[in-house]
Amino acid sequence: MLSIARSELIQIFRNRAVLITSLIMPVAASIFFIRFRETFEQIGSLGYIGAVIVFTIAAFSLYATTVTTLAARRQDLFLKRLRSTAAADASILTGLVLPISVISAAQVGLILAVFAGLSGGPADIPLLMLGVVATFVMMLALGLATAGITNSPEHAQVTSLPLSLGVVAVTSWVGITGTTELTLLKRLLPGGAATELIVNAWNGGVPLADSLFLLAPTLGWVVVAVTLALRMFRWEPRR
């Protein structure tokens, strides 16, 4: 698994398109929100800014790159060759997505630390970390599912874009308007409950039990995504 991960890490840094669109641009967008944090705080809250940072990186750095990576490795028959070795399927997939997962986690950790230093920090750090982990697991699972319907790395730009933009839009909707209205709809949408959890963790003032309850919809999406991935994922090029 580690040898696969090391090889994939080299490929990521050799691919300029991935570096720019999936790594540099999400960081630039996050810096923009931090730079104008006072304006965005008036629109939503500090927790809203934190949630947007988390989902921007989770959607574009983690999710979109996962889809592109798996589609590319399928197209060049690398997945097929790996499956002919002694490595288990789970080890192969873990090795391929491990580098971008670590890079995305480092991005979120560093940017949130800078944001916390400038804004005063979150009210509940453990709860915030739980929200970030839940978000990453959900987006990673959705990436595996989307890769199942993606024919090529070029096609990945099409298949991954709707969900990438969609979860960021849901984050802004929930982060700005809250969940006092259309509560069920907002929490059931991908990213809605996780956004509320991150906002609560950063802003505080919400009972812990109420915030932990928000994990259920996010984990539900993980189950749905894994189920779809098991049904649709292919190890050989799609036709």
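Residues numbered from 1 in each chain as written. Predicted model: local features only at pLDDT ≥ 70, side-chain atom pairs only at ≥ 80, totals over all residues. Heavy atoms only, no water.

The chain goes by ABC-2 type transport system permease protein in an unreviewed UniProt entry, where it is assigned to Promicromonospora sukumoe. As stated in UniProt under Subcellular location (unreviewed entry), the record for the chain gives "Membrane". (UniProt positions renumbered as here; feature names shortened; annotations may be inferred.)

*Asks:* Can you tell me about the nonpolar core, naming the residues and giving the values?
*Replies:* Most often, soluble globular proteins have nonpolar side chains that are buried together. In this structure, Ile49, Ile53, Leu112 and Met139 are the most contacted members of the largest nonpolar core, which totals 53 residues. The biggest single contributor to this core is helix α4 (residues 46-75), with 14 residues. Here Ile53 is in contact with Ser30, Ile34, Ile111, Leu112 and Phe115, once residues within four sequence places are set aside. If you look at the next biggest cluster of nonpolar residues, it comprises ten residues, including Ile92, Leu93, Phe233 and Trp235. (Core = buried A, V, L, I, M, F, W, Y, C linked by side-chain atoms within 4.5 Å. Buried < 20%, exposed > 50% of the residue type's maximum accessible area, 1.4 Å probe, protein only. Helix = DSSP H or I, 4+ residues; strand = E, 2+ residues; numbered from the N terminus. Contact = heavy atoms within 4.5 Å.)

*Asks:* Would you mind going over the UniProt feature "domain: ABC-2 type transporter transmembrane" (unreviewed entry) in the chain in detail, with residue names and values included?
*Replies:* Here, UniProt's "domain: ABC-2 type transporter transmembrane" (unreviewed entry) annotation points to residues 4-160. Along residues 4-160 one finds 86% helix and 0% strand; the C-alpha atoms at either end are 24 Å apart.

*Asks:* I'd like to hear about the side chain of Thr69, residue by residue, with values.
*Replies:* Along the chain, the position of Thr69 falls in helix α4. Each residue touching Thr69, except ones within four places of it in the same chain, is listed here: Glu8 and Leu96.

*Asks:* How would you explain the UniProt feature "transmembrane region" (unreviewed entry) in the chain if you had to name every residue and give the values?
*Replies:* As annotated by UniProt and renumbered to match this structure, "transmembrane region" (unreviewed entry) occupies residues 12-34, 46-71, 92-115, 127-149, 161-180 and 212-233. Between the C-alpha atoms that bound residues 161-180 there is a distance of 29 Å. The span itself is 85% helix and 0% strand. The distance from the first to the last C-alpha atom of residues 212-233 is 31 Å, and the span holds 86% helix and 0% strand.

*Asks:* Outline the pattern of salt bridges, listing residues and values.
*Replies:* The tally for this structure, following the rule as stated, stands at five salt bridges. Put simply, Arg73 and Asp76 hold a salt bridge, and the shortest N to O gap is 3.8 Å. One salt-bridge network, held together by shared partners, links Glu8, Arg73 and Asp76. (Salt bridge = Lys/Arg side-chain N within 4 Å of Asp/Glu carboxyl O.)

*Asks:* Tell me about the packing of aromatic side chains, and please be specific about residues and values.
*Replies:* Across all of its chains, the model carries six aromatic pairs by this definition. Where Phe32 meets Phe36, the ring centres are 5.1 Å apart and the plane angle is 55 degrees; that geometry is what we call tilted. When its relative accessible area of 41% is taken as the criterion, Phe32 is described as partly exposed. Measuring from centroid to centroid gives 4.5 Å for Phe33 and Phe40, while their planes differ by 35 degrees, and the two rings are tilted. For Phe40, a relative accessible area of 14% puts it in the buried group. Through successive ring pairs, a cluster of aromatic residues spans Phe32, Phe33, Phe36 and Phe40. Arg35 extends its terminal NZ or CZ atom over the ring of Phe36, reaching a point 5.0 Å from the ring centre. The ring of Phe233 is capped by Arg74, whose NZ or CZ atom sits 5.2 Å from the centre of that ring. (Phe/Tyr/Trp six-rings, centres within 6.5 Å; stacked < 30°, edge-to-face > 60°. Lys NZ or Arg CZ within 6 Å of the ring centre and 35° of its normal.)

*Asks:* Can you break down the side chain of Glu196 residue by residue, with the values?
*Replies:* Structurally, Glu196 is set in helix α11 (residues 192-203). Taking relative accessible area as the criterion, Glu196 reaches 11% and is therefore assigned buried. Among the polar contacts made by the side chain of Glu196, one reaches the side chain of Arg187 at a distance of 2.8 Å. For Glu196, the contacting residues outside a window of four places in its chain are Val174, Thr179, Arg187 and Leu214. (Polar contact = N/O pair within 3.5 Å; in protein donor to acceptor, adjacent residues only side chain to side chain.)

*Asks:* Tell me about helix α1 (residues 2-14), residues and numbers included.
*Replies:* Between its first and last C-alpha atoms α1 spans 19 Å; for 13 residues at 1.5 Å apiece the expected length is 18 Å, and the two agree. Residues Ile4, Ala5, Glu8 and Ile12 constitute the buried set of α1. For α1, the angular spread of the buried residues around the axis is 95 degrees, confining them to a single face. Opposite the packed face of α1, turned more than 90 degrees from it, sit the exposed residues Leu2, Arg6 and Arg14. Packing partners of the buried residues in α1 comprise α2 (16-35), α4, α5 (78-83) and α6 (89-119). (Expected span 1.5 Å × (residues − 1). Arc of directions from axis to C-beta.)

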